[in-house]
Amino acid sequence: MSIESPHQPVTGGPSLPQERRLVTEIPGPRSREMFARKQAAVPPGIGTTLPVFVTHAGGGVVVDADGNSLIDFGSGIAVTTVGNAAPRVVERVQKQVADFTHTCFMVTPYESYVEVCEKLNRLTPGDHDKRSFLVNSGAEAVENAVKVARHATGRQAVVVFDHGYHGRTLLTMTLTAKNMPYKHRFGPYAPEVYRMPMAYPFRWPTGPENCAEEAAAQAIDAITKQIGAENVAAIVIEPIQGEGGFIEPAKGFLPRLLEFAKANGIVFIADEVQTGFARTGHLFACEDEGIVPDIICTAKGIAGGLPLAAVTGRAELLDAVHVGGLGGTYGGNPLACEAALAVLDTIEADNLVERARRIGDIMLPRLRSMAERFDVIGDVRGRGAMIAIELVTPGTKEPNAAVTGEVAKRCHAEGLVVLTAGTYGNVLRFLPPLAISDELLEEGLSILEKALSSV
Ligand SMILES: *Cc1c(COP(=O)(O)O)cnc(C)c1O
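In this text the structure is predicted, and so the values were computed from the model without any measurement.

**Quick word on the packing of aromatic side chains**
Reasoning step 1: Counted under the stated rule, the structure contains 8 aromatic pairs.
Reasoning step 2: Between F105 and Y110, the ring centres sit 5.5 Å apart and the planes meet at 80 degrees, which makes this aromatic pair edge-to-face.
Reasoning step 3: When its relative accessible area of 8% is taken as the criterion, Y110 is described as buried.
Reasoning step 4: Connected via pairs of aromatic rings, a cluster forms that spans F100, F105, Y110 and Y113.

**Remarks on the confidence of the model for the protein**
Reasoning step 1: Across the protein, the average pLDDT comes to 97, with 98% of residues at 70 or higher.
Reasoning step 2: Here residues 1-5 is a poorly scored stretch, pLDDT under 50, and it has 12 contacts once near neighbours within four places are set aside; other chains count.

**Comments concerning the side chain of T124**
Reasoning step 1: Locating T124 in the fold gives a position in the loop between α4 (111-123) and β4 (130-135).
Reasoning step 2: T124 sits in the buried class, given a relative accessible area of 5%.
Reasoning step 3: Not counting residues up to four positions away in its chain, the partners in contact with T124 are K130, F284, I296 and T312.

**Some points on the site of the ligand**
Reasoning step 1: Taken together, S137, G138, A139, Y165, H166, G167, E238, D271, V273, Q274 and K300 are the residues near the ligand.
Reasoning step 2: Contact between the ligand and G138: an oxygen atom at 2.7 Å from a main-chain N or O atom of the residue.
Reasoning step 3: Residue Y165 places a main-chain N or O atom 3.4 Å away from a nitrogen atom belonging to the ligand.
Reasoning step 4: Contact with the protein chains removes 83% of the 380 Å² of surface that the ligand exposes when unbound.
Reasoning step 5: Its residues assigned to classes, the shell around the ligand shows 3 nonpolar, 5 polar and 3 charged.

**Overview of the packing of helix α3 (residues 87-99) against helix α10 (residues 334-349)**
Reasoning step 1: At their nearest, the axes of α3 and α10 sit 8 Å apart, and the two run at 155 degrees to each other. Taken as axis vectors, α3 and α10 run roughly antiparallel relative to one another. In the crossing of α3 with α10, the sense of the turn from one axis to the other is right-handed. Of α10, the residues touching α3 (which contributes R88, V89, R92, V93, Q96 and V97) are P334, L335, E338, A339, L341, A342, V343, D345, T346 and A349.
Reasoning step 2: When the residues that make up the contact of α3 with α10 are grouped by side-chain class, the tally is 10 nonpolar, 2 polar and 4 charged.

**Considerations on the packing of α4 against α10**
Reasoning step 1: It is at 9 Å that the axes of α4 and α10 come closest, and there the two elements cross at 40 degrees. With respect to α10, the axis of α4 lies oblique. The interaxial crossing formed by α4 with α10 has left-handed handedness. Along its contact with α4, which presents S112, Y113, E115, V116, K119 and L123, the element α10 presents P334, C337, E338, A340, L341, L344 and D345.
Reasoning step 2: For the contact of α4 with α10, the class distribution of residues is 8 nonpolar, 1 polar and 4 charged.

About the cut-offs
- Residues numbered from 1 in each chain as written.
- Predicted model: local features only at pLDDT ≥ 70, side-chain atom pairs only at ≥ 80, totals over all residues.
- Heavy atoms only, no water.
- Phe/Tyr/Trp six-rings, centres within 6.5 Å; stacked < 30°, edge-to-face > 60°.
- Buried < 20%, exposed > 50% of the residue type's maximum accessible area, 1.4 Å probe, protein only.
- pLDDT = per-residue confidence, 0-100.
- Contact = heavy atoms within 4.5 Å.
- Helix = DSSP H or I, 4+ residues; strand = E, 2+ residues; numbered from the N terminus.
- Near = heavy atom within 4 Å.
- Polar contact = N/O pair within 3.5 Å; in protein donor to acceptor, adjacent residues only side chain to side chain.
- Areas by Shrake-Rupley, 256 points an atom, 1.4 Å probe, with all protein chains shown as cover.
- Nonpolar A, V, L, I, M, F, W, Y, C, P; charged D, E, K, R; others polar.
- Axes fitted to C-alpha atoms, helices over the stretch in contact; angles between N-to-C directions.
- Parallel < 35°, antiparallel > 145°, perpendicular 65-115°, else oblique.
- Left-handed = near helix turned anticlockwise from the far one by under 90°.

What follows is the structure, encoded as structure tokens:
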């Protein structure tokens, strides 16, 4: 770390100095001043993980209004996967913003929307005939996937899982498992949503080796006996749960669910909003076990920070909906489509799927060696650049949210942006941009290590 006078970069992106640099305490005086304004102007329901106000970001750093440069292990929650202000994104969006900013694709269409859909149809798992349409947010994608599944099957029930997160709209909040903060006092919830056990290896009562088979058997039994498989429109699941704490379902669980869905005419919806676009060391996390979902929902990493999301699925399902039954004013905005095309180019040109694997190969061994030394770490898990540690009371599996919060706070104070997650608030999750350097990655891990040894 170098200590210098506040440095004011001209632009963000990868040309920002790739270094951690603390010139004030975190947050500094300018950020504190803006945070006071935020508290007066914005309701507390909109929370803040780390109250530094950002002026620039790129590569593996976020620069704040006081001139501090922080290491980014969050990517704005898995969004700036290709890096912040990534050059191809900037270039294409700048050109587009000068050409036209909006027409509404449902009024007078434009080519970039179609091109994004063509690419999604080609790149998502499975070589069957597909269709895609574009919306604004992950929640909107999941909600639309359920609309399509219900319409196409003529059925109503939707099956979701413990620890699942699917968004904050009425339907997706209902699909989400965790009460606080997502659901508390926001009811009544949407009807016909049924929750099943998740194959959560670390916490499976009879041990991780039995987890996949037993969890699948329980889910299938409950679906069959309590709902009736013929009443189920869709099974909605994240191939690695995000907000729930980066829970990788035990191997075999997803294939068994998919097989059951297929046998019973149930639409299998993969919510890849957080796991998609090279994040996990595959273009899509479903690829890890060869899962070919009927519908896949994507968002977050799709457009480098511009608001975009997509529903991609079997042509016969998506084509079932009547003309005009799907859409929205802003869905597939031309700026966001240009950004998505730039993201896909960047993933390919910079070999980012491979880069995500390499990031996992750097992080996992270091975290596992920390787990040997710090018995507060109960589990190390994840794939590619989607890695987490679950913290417990030493010698037990009791969730340790207090220590998790304290470690996060100490990382923040040292200039490392980390996020927490988990139903019990006891998971530290790491989502570095794939544009981060090995040096910053290692430095970030050292900060984490120091924070763990100090609690
Ligand atoms: C973030 C997230 C959503 C919701 O996306 P928004 O864009 O915030 O609406 C849905 N599903 C998963 C798995 C997510 O991580």
